[in-house]
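One letter stands for each residue in the lines below.
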Amino acid sequence: MTVQEGLWCWGDRNIGWTLMGNPEAPLAVLLIHGFGANTGHWRFNQPARAALAPPYAIDRLGFGRSAQPEELTYGGALWRDPLVAY
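Predicted, not measured: the structure shown is a model, and the values here were computed from it. (Residues numbered from 1 in each chain as written. Predicted model: local features only at pLDDT ≥ 70, side-chain atom pairs only at ≥ 80, totals over all residues. Heavy atoms only, no water.)

1. Quick word on the overall build of the protein
Secondary structure assignment for the protein yields 2 helices and 4 strands. Listing the helices and strands of the protein from first to last along the sequence gives β-β-β-α-β-α. In terms of overall dimensions, the protein is globule-like: its C-alpha atoms have a radius of gyration of 13 Å, near the 12 Å expected for 86 residues. Viewed in the frame of its principal axes, the protein has a C-alpha envelope of about 40 × 25 × 20 Å. Burial analysis of the protein (86 residues in total) assigns 35% to the buried set. In the protein, of all internal contacts separated by at least 6 residues, the share reaching a separation of at least 24 is 60%. Within the protein, the 7 negative side-chain charges are centred at a point lying 9 Å from the centre of the 6 positive side-chain charges. (Helix = DSSP H or I, 4+ residues; strand = E, 2+ residues; numbered from the N terminus. Rg over C-alpha atoms; globule rule 2.2 N^0.38 Å. Buried < 20%, exposed > 50% of the residue type's maximum accessible area, 1.4 Å probe, protein only. Contact = heavy atoms within 4.5 Å. Lys, Arg positive; Asp, Glu negative; His and termini not counted. Charge placed at Lys NZ, Arg CZ, Asp CG, Glu CD.)

What follows is the structure, encoded as structure tokens:
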């Protein structure tokens, strides 16, 4: 099964994402990494989950393929807000 990937724009910041499975499925799973990780850490979990529901994984701001703006204060609100918008 192939992994789709891209960038999603939140405000003026790019956020990396991956998807494995059918994007038209009625249910999906959102995989959110912890501190110091990125979407690549889900490479073994995504295929296993895809049989049940398509798993999306996103890179939080400052990690992976997402924007890494130096002028922002990293913390709970900055990592929460894009997730709520996604």
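2. Some points on the pattern of salt bridges
If you walk through the whole model with that rule in mind, you get 3 salt bridges. Here E71 and R13 are joined by a salt bridge, their closest N and O atoms 2.5 Å apart. Residue E71 is located in the loop between β4 (55–58) and α2 (76–85), and its partner R13 is located in strand β2 (residues 13–20); the two are separated by 58 residues in the primary sequence. What makes E71 exposed here is its relative accessible area of 56%. Looking at R13, the relative accessible area reads 17%, which means it is buried. (Salt bridge = Lys/Arg side-chain N within 4 Å of Asp/Glu carboxyl O.)

3. Thoughts on α2
Within α2, burial applies to L78, W79, P82 and L83. Seen along its axis, α2 keeps its buried residues to an arc of 130 degrees; they face one direction. Facing away from the buried side of α2, by more than 90 degrees, are the exposed residues G76 and V84. Elements in contact with the buried residues of α2: β1 (3–10), β2, β3 (29–32) and β4. (Arc of directions from axis to C-beta.)

4. Topic: the nonpolar core
One finds I15, W17, L19, I58, L61, F63, L78, W79 and L83 forming the largest nonpolar core, which totals 9 residues. Broken down by secondary-structure element, the contributors of at least two residues to this core are β2 and α2. (Core = buried A, V, L, I, M, F, W, Y, C linked by side-chain atoms within 4.5 Å.)

5. Quick notes on the confidence of the model for the protein
Mean pLDDT over the protein: 88, with 99% of residues reaching 70 or higher. Within the protein, the lowest mean pLDDT, 81, falls on α2, and the highest, 94, falls on β4. (pLDDT = per-residue confidence, 0-100.)

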